[in-house]
Amino acid sequence: MLKQTTSEKNSANRSARKAKKLAHKRLLKYREERIRRQKAEDEAIKLSKLLKKSDKILAQYKEIINESKEKKKEMQKEWRSAEEAQRHGGKKSWPVWVVQLICELLVNGTPPSSIKDNIGTWYGTLYGEEPKETPSLNFIRGCRVVIEVIGETVAAIKLGAADSWKQVWTDATSRRQIPFAALIIGLLGSEDSDELDPVVVSSCIFTEDEKADTQAAGLIDKIESLKNRLSRLIEELKAKHPDSVDSIPTPDSIDVNKLGAGGVIMTDTCNTAQKIRRILVERIDGAIDLDCMNHLCNVWIGGMEKALSKYLNELLRGSLDEIDPMLRVMHQFQPSFVPSTKSLVYLQTTLRVMENYSSSGYERNIPVSCYSMLNVHLFRDKI
């Protein structure tokens, strides 16, 4: 009976240990499953957040694409209005943005013959398709007139807004017996600065002839024509932007008498230019006439060169007489002065290189060419 009780007790203990071990395994398995489930739930939450972000980004990109499609510019001529589209004999025209693009390319120096291909490349790069049509070469060349009108309008605004004009510079020339002149008016940049702000009124004013009276009248007429630019601009602003009309100077603000407060009229030193200057000074009370300093320097240098050439010819007359006149040899100062100047520059460069080597402690490494060049100059000095 005691043995049976002991065996049953041992059997119960084994069953209890086995059950305890099994329960422990199940507990560990449950904990692992719970951890895996929590990780899976966290991953699901992260994925859902990423999905929401991606959906939001996709929605933004779709909106941008839709807006770009709506704002896509078609490279083709358009009707100005619905009435012209329905009217018989109407004519399409290029939109304003095409004209602006052409003007921008022309101002940047692009040749008119290259603009058509550049526009096609630009349009294909942005939109991934070829344009339906491109402007013709004649239309592109005609846009140069638009640039001229814009430039004159900007010049008229600046000249009209200024209280006084400080300087007028003009010069004229001719090509194939056709005379034309340039006109630049200088304004003060600001109250605190004495720097001139040059306003190019025109770089090509055609005149009937090269007489001083005709050219002076052409210059004044060109300045007076800027009034038409302001009048036209004011008309357009009244129709489209009436609030901006007050910011534009009136046409009467374009007046050559603004030079009367000590303005300088400057030309070169030729006879015609000096007469033009005198006519303008008589026309404008209070204006001052002045020769261009650069031209005066050239006149002085030219006179000096002639005097030196004459002196050298007299000095070398005996040697020049021994040369056959058929060779037409004569001495002029400028052809002799330029090589001498270059020779002095070479000598200065050589001495500077040798000085740098010597100051660096590399006297032995001075290039042989420097010594040879220096010897040549020293030999010339001895001669």
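Every chain is numbered on its own, with residues counted from 1 as its sequence reads. Thresholds applied to this predicted model are a pLDDT of at least 70 for local features of residues and 80 or more for the giving and counting of side-chain atom pairs; totals over whole chains, interfaces and linings are not thresholded and use all residues. Values reported for side chains reflect all heavy atoms of the structure, with hydrogen atoms and water molecules removed beforehand.

Q: Which parts of the structure should I look at to understand a nonpolar patch on the surface?
A: Together, Trp300, Ile301, Met304 and Leu308 make up an exposed nonpolar region whose accessible area comes to about 380 Å². Residue classification places Met304 among the partly exposed positions, given a relative accessible area of 32%. A patch is a set of surface residues, each over 30% in relative accessible area and not in a salt bridge, joined within 9 Å for like charges and within 5 Å for the nonpolar side chains Val, Leu, Ile, Met, Phe, Trp and Tyr. The accessible surface values rely on the Shrake-Rupley method and a 1.4 Å probe; as for residues, cover is taken only from the protein chains in view. The working definition used for a salt bridge is a side-chain nitrogen of Lys or Arg within 4 Å of a carboxyl oxygen of Asp or Glu. Each residue is assigned to one of three classes by its accessible area relative to the maximum for its type, calculated with a 1.4 Å probe on protein chains only: buried under 20%, partly exposed between the two thresholds, exposed over 50%.

Q: Is there a simple way to think about the confidence of the model for the protein chain in this case?
A: Low-confidence regions, as indicated by low pLDDT, have predicted coordinates that should not be scrutinised in detail. Confidence of the predictor in every single residue is expressed as pLDDT, which spans 0 to 100. Per-residue confidence for the protein chain averages 79 on the pLDDT scale, and 80% of its residues sit at or above 70. Contacts are assigned to residue pairs with any non-hydrogen atoms lying within 4.5 Å of each other. Every residue in residues 362-383 scores below 50 in pLDDT, and together they form 24 contacts with partners more than four places removed in sequence or on other chains.

Q: Any chance you could explain the packing of aromatic side chains here in plain terms?
A: The description of an aromatic ring pair rests on the distance of the ring centres and on the angle between the ring planes. Two rings from Phe, Tyr or Trp (for Trp, the six-membered ring) form a pair when their centres sit within 6.5 Å of each other. Planes less than 30 degrees apart are called stacked, planes more than 60 degrees apart edge-to-face, and all others tilted. Going through the model one piece at a time under the given rule, you end up with four aromatic pairs. Where Trp94 meets Phe139, the ring centres are 6.5 Å apart and the plane angle is 45 degrees; that geometry is what we call tilted. Of the two residues, Trp94 sits in the loop between helix H2 (82-86) and helix H3 (96-107) while Phe139 sits in helix H5 (residues 137-161), which places them 45 residues apart along the sequence. The buried category is assigned to Trp94, whose relative accessible area is 10%. Phe139 gets classed as partly exposed once you look at its relative accessible area, which sits at 29%. Helix and strand definitions here come from DSSP, where helices need a minimum of 4 consecutive H or I residues and strands a minimum of 2 consecutive E residues; each element is numbered from the N-terminal end.

Q: Explain empty space enclosed by the protein here, please?
A: In this approach the atoms are scanned with a rolling probe the size of a water molecule, which exposes any empty space left behind. Residues are said to line a cavity or pocket when one of their atoms sits within 4 Å of a point; the points come from a 1 Å grid over protein atoms alone, cavities being sets where a 1.4 Å probe fits but cannot get out and pockets being open sets with protein on both sides within 12 Å along at least five of seven lines. Grid points are joined across faces, edges and corners, and a volume is the space filled by probe spheres set on the points. In this structure the tally under the stated criterion is one cavity of 30 Å³ or more. For the largest cavity, the calculated volume is near 70 Å³. Lining the largest cavity are Val168, Leu183, Leu219, Ile220, Ile223, Val256, Leu259, Ile265, Leu280 and Ile284. Looking at the lining of the largest cavity, the element that brings in the most residues is helix H6 (residues 212-240), giving three residues. Gly is put with the polar residues, along with every residue not named as nonpolar or charged; the nonpolar set is Ala, Val, Leu, Ile, Met, Phe, Trp, Tyr, Cys and Pro, and the charged set is Asp, Glu, Lys and Arg. When grouped by side-chain class, the residues that make up the lining of the largest cavity number ten nonpolar, no polar and no charged.

Q: What should I look at first to understand the side chain of Thr170 in this one?
A: Here Thr170 is to be found in strand E1 (residues 167-175). In protein, a polar contact requires one atom able to donate a hydrogen and another able to accept it; more generally it is a pair of N or O atoms within 3.5 Å, and residues adjacent in sequence count only if both atoms are side-chain atoms. Looking at Thr170, its side chain comes within polar contact range of the main-chain oxygen of Ala182, at 2.9 Å. Each residue touching Thr170, except ones within four places of it in the same chain, is listed here: Ala181, Ala182, Leu183, Leu219, Met266 and Thr267.

Q: Please clarify how H3 should be interpreted in this entry.
A: Over its twelve residues, H3 runs 16 Å from end to end, which matches the ideal 16 Å to within 8%, given 1.5 Å per residue. Residues of H3 that are buried: Trp97, Val98, Val99, Ile102, Cys103, Leu105 and Leu106. As for H3, its buried residues are in contact with helix H4 (112-127) and H5. Positive phi appears at Gly109, one or two residues downstream of H3, with a value of about 95 degrees. Expected span, for any helix, means 1.5 Å times one less than how many residues it has.

Q: It is not clear to me how unusual backbone geometry should be interpreted in this structure. Could you clarify?
A: Across residues other than glycine, the phi torsion is negative in most instances, and most of the peptide bonds are trans. In this model, Arg176 sits at a positive phi of 55 degrees, which is unusual for a non-glycine residue. Following the sequence through the fold, Arg176 ends up in the loop between E1 and strand E2 (178-190). According to the relative accessible area criterion, Arg176 is exposed, its value standing at 77%. The phi dihedral of Gln177 is positive, around 60 degrees, even though this residue is not glycine. Mapped onto the elements of the fold, Gln177 is located in the loop between E1 and E2. With relative accessibility at 73%, the residue Gln177 sits in the exposed group.

Q: Looking at this model, I keep getting lost on the nonpolar core. Mind explaining?
A: The nonpolar side chains of soluble globular proteins are, as a tendency, buried together. Membership of the largest hydrophobic core comes to 32 residues, with the highest contact counts inside it found for Leu159, Trp165, Ile185 and Ile254. When residues of this core are traced back to their parent elements, those giving at least two are H5, E2, strand E3 (193-206), H6 and helix H7 (271-283). With nine residues, H6 is the single largest residue contributor to this core. The definition of a nonpolar core used throughout is a set of buried Ala, Val, Leu, Ile, Met, Phe, Trp, Tyr and Cys residues joined through side-chain atoms within 4.5 Å. Residues Trp94, Val99, Ile102 and Cys103 belong to the second largest nonpolar core, which totals 14 residues.

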